[in-house]
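Here are the chains, one letter per residue:
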Amino acid sequence: GQQVMQIPQYQHVQEGEDFTTYCNSSTTLSNIQWYKQRPGGHPVFLIQLVKSGEVKKQKRLTFQFGEAKKNSSLHITATQTTDVGTYFCAGPRGGSNYKLTFGKGTLLTVNP
Amino acid sequence: DAGVIQSPRHEVTEMGQEVTLRCKPISGHNSLFWYRQTMMRGLELLIYFNNNVPIDDSGMPEDRFSAKMPNASFSTLKIQPSEPRDSAVYFCASSPRGTVQETQYFGPGTRLLVL
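Keep in mind it's a predicted model, so treat the numbers as computed, not measured.

J.: Please give an account of the overall build of chain A that cites residues and values.
T.: Counting its secondary structure elements, chain A contains zero helices and 11 strands. Along chain A, helices and strands appear, N-terminal first, in the series β-β-β-β-β-β-β-β-β-β-β. A compact globule built from 112 residues should have a C-alpha radius of gyration of about 13 Å, and chain A, at 13 Å, falls within 12% of that. By its C-alpha atoms, chain A is 40 × 30 × 20 Å across when sized along the principal axes. The contacts in chain A between residues at least 6 apart in sequence include a share of 54% that link residues at least 24 apart. Total accessible area on chain A stands at roughly 5400 Å², and carbon and sulfur atoms take up 51% of it. When the 12 basic and 6 acidic side-chain charges of chain A are each reduced to a single mean position, those positions are 12 Å apart.

What follows is the structure, given as structure tokens:
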């Protein structure tokens with residue numbers, strides 16, 4: 001079945017360093033969503049990408065959707081301790097119009 | 001505006017006991033999702049309701065799990081009998097119409113430990 005793979009599984013950085021997480025799908029996605037989950041918290045929606053090659057920015061966060069719509073990335077510039085958490089990508093499962101497949105996530109820790 | 005509400009937030013029970021998890025979706029949202037999160041398997045969709053009707057329960061692990069949505073503002077997920085391997089965080093999420101283009105709003109989760 002359709003899978004969404006995320007790498008790396010873990011990333012530890014010093015505060016101020018950059019961070020990138022990558023999401024790859026085995027099939028073409030109509031759209032991709034990104035969520036953040038703080039330790040002990042729940043997933044919170046960050047953004048959705050729909051168009052091939054789309055790039056969106058939210059302050060220090062930059063999201064990209066690949067040209068083939070099979071991969072995506074989230075880049076954080078100059079990480080802060082508030083960025084700590086697990087970042088998930090999610091895409092429609094098997095062409096479903098309601099099921100999302102979530103990647104396993106990338107856990108980011110930031111050393112102050 | 002209240003988000004998705006779940007109760008209890010934590011549950012510790014013994015193997016064989018019945019566990020009932022509760023969820024109140026965001027008012028006006030027609031779709032409700034129950035997820036289970038574990039380290040090994042990540043976030044898994046258990047069941048999806050639209051307009052209070054179960055549309056897809058293919059993710060429900062086995063007959064010990066059941067879910068209901070008697071009205072638009074309340075849903076339950078029941079495990080009977082519970083087993084240690086059911087220990088996980090259970091999230092309820094809602095969205096306006098349930099399409100994959102919409103944001104899913106997650107509740108705070110119920111952290112279940114079965115001893």
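Next comes the rest of the write-up.
J.: Please provide a residue-by-residue account of the nonpolar core, values included.
T.: The tendency in soluble globular proteins is for nonpolar side chains to be buried side by side. Residues Leu-32, Trp-34, Phe-49, Met-60, Leu-77 and Tyr-90 of chain B are the most contacted members of the largest nonpolar core, which totals 21 residues. Those elements that place two or more of their residues in this core are strand 3 (19-24), strand 4 (31-38), strand 5 (42-50), strand 7 (65-71), strand 8 (74-79), strand 9 (88-95) and strand 11 (110-114) of chain B. Beyond its immediate sequence surroundings of up to four residues, Met-60 of chain B is in contact with Leu-46, Ile-47, Phe-65, Ser-66, Ala-67 and Leu-77 of chain B. Core analysis: the second largest hydrophobic core is formed by 19 residues, Leu-29, Leu-49, Leu-61 and Cys-89 of chain A among them.

J.: Would you mind going over the interface of chain A and chain B in detail, with residue names and values included?
T.: Bring the parts together and some accessible area is lost; that lost area is often taken as the interface size. Each partner contributes residues to the interface: chain A has 22 residues there, and chain B has 25 residues. Summing the contributions of chain A and of chain B, the shared interface buries around 1800 Å²; its carbon and sulfur component is 54%. Across the contact surface, chain A and chain B share 13 residue pairs in polar contact (both at pLDDT 80 or more). Residue classes in the side of chain A that touches chain B are distributed as nine nonpolar, 10 polar and three charged.

J.: Quick one: what's the story with the sheet that holds strand 3 of chain B, residue by residue and with numbers?
T.: All names here are of chain B. Read from one edge to the other, the open sheet built from four strands follows the order 1-3-8-7, with strand pairing classed as antiparallel. For this open sheet the edge positions go to strand 1 (5-7) and strand 7, each flanked by a neighbour on one side alone. The sheet shows a mean angle of 15° between the axes of neighbouring strands, direction not considered. Across five bridges, the pairing between strand 7 and strand 8 is antiparallel. Within strand 8, the position partnered with Asn-71 by the bridge is Phe-74.

J.: Any chance you could break down the pattern of salt bridges for me, citing the residues and the numbers?
T.: This model, assessed by the stated rule, comprises 12 salt bridges over all chains. In this structure, Lys-99 of chain A and Asp-56 of chain B form a salt bridge, with 2.9 Å as the shortest nitrogen-oxygen distance. Residue Lys-99 of chain A is found in the loop between strand 9 (85-92) and strand 10 (100-102), and its partner Asp-56 of chain B is found in strand 6 (residues 53-56); the two belong to separate chains. We note that Lys-99 of chain A, like Asp-56 of chain B, is buried.

J.: Residues and numbers for the sheet that holds strand 6 (residues 55-58) of chain A, please.
T.: Residues and elements named next belong to chain A. Pairing in this open sheet of five strands is antiparallel, and the strands run 1-3-8-7-6 from one edge to the other. Since the sheet does not close on itself, it has two edges, and those belong to strand 1 (4-7) and strand 6, each with one partner. Going across the sheet, the axis of each strand differs from the next one's by a mean of 15°, ignoring polarity. The sheet contact formed by strand 1 and strand 3 (residues 19-25) spans four bridges and is antiparallel. Bridge pairing links Gln-6 to Cys-23 in strand 3.

Rules used throughout
- Residue positions are counted from 1 within each chain, in the order its sequence is given.
- Each chain takes a letter, starting from A, and each ligand takes a number, starting from 1, following the order in which they are written.
- The predicted nature of this model means local features are confined to residues of pLDDT at least 70 and side-chain atom pairs, given and counted, to a pLDDT of 80 or more, with totals for whole chains, interfaces and linings taken over all residues.
- Computation of side-chain values: all heavy atoms of the structure, hydrogens and water removed.
- Think of it this way: any DSSP run of H or I at least four residues long counts as a helix, any run of E at least two long counts as a strand, and we number them from the N terminus.
- Atoms counted for the radius of gyration: C-alpha only. Globule rule: 2.2 Å times residue count to the power 0.38.
- Whether two residues touch is decided by their heavy atoms; if any such pair falls within 4.5 Å, the residues are in contact.
- To be clear on the numbers: accessible area is Shrake-Rupley with a 1.4 Å probe, and residue cover counts the displayed protein chains and nothing else.
- Positive: Lys, Arg. Negative: Asp, Glu. His and the chain ends are not part of the count.
- For charged residues, the charge sits on one atom: NZ in Lys, CZ in Arg, CG in Asp, CD in Glu.
- As used in this record, nonpolar core signifies buried Ala, Val, Leu, Ile, Met, Phe, Trp, Tyr and Cys residues forming a set joined through side-chain atoms within 4.5 Å.
- Each residue's exposure class comes from its accessible area (1.4 Å probe, protein chains only) as a fraction of the maximum for that residue type: buried when under 20%, exposed when over 50%, partly exposed otherwise.
- The term buried area refers to how much accessible surface (probe radius 1.4 Å) is lost by two components on association, counted for both of them together.
- Pairing of N or O atoms within 3.5 Å defines a polar contact, subject to two protein rules: one partner must be a possible hydrogen donor and the other a possible acceptor, and residues neighboring in sequence count only if both atoms are side-chain atoms.
- Gly is placed with the polar residues, together with every amino acid not listed as nonpolar (Ala, Val, Leu, Ile, Met, Phe, Trp, Tyr, Cys and Pro) or charged (Asp, Glu, Lys and Arg).
- Two strands are said to pair when DSSP picks up at least two bridges between them.
- Only the stretch in contact is used when a helix axis is fitted, and all axes are lines through C-alpha atoms; the angle between N-to-C directions ranges over 0 to 180 degrees.
- For salt bridges, the criterion is a side-chain nitrogen of Lys or Arg within 4 Å of an Asp or Glu carboxyl oxygen.

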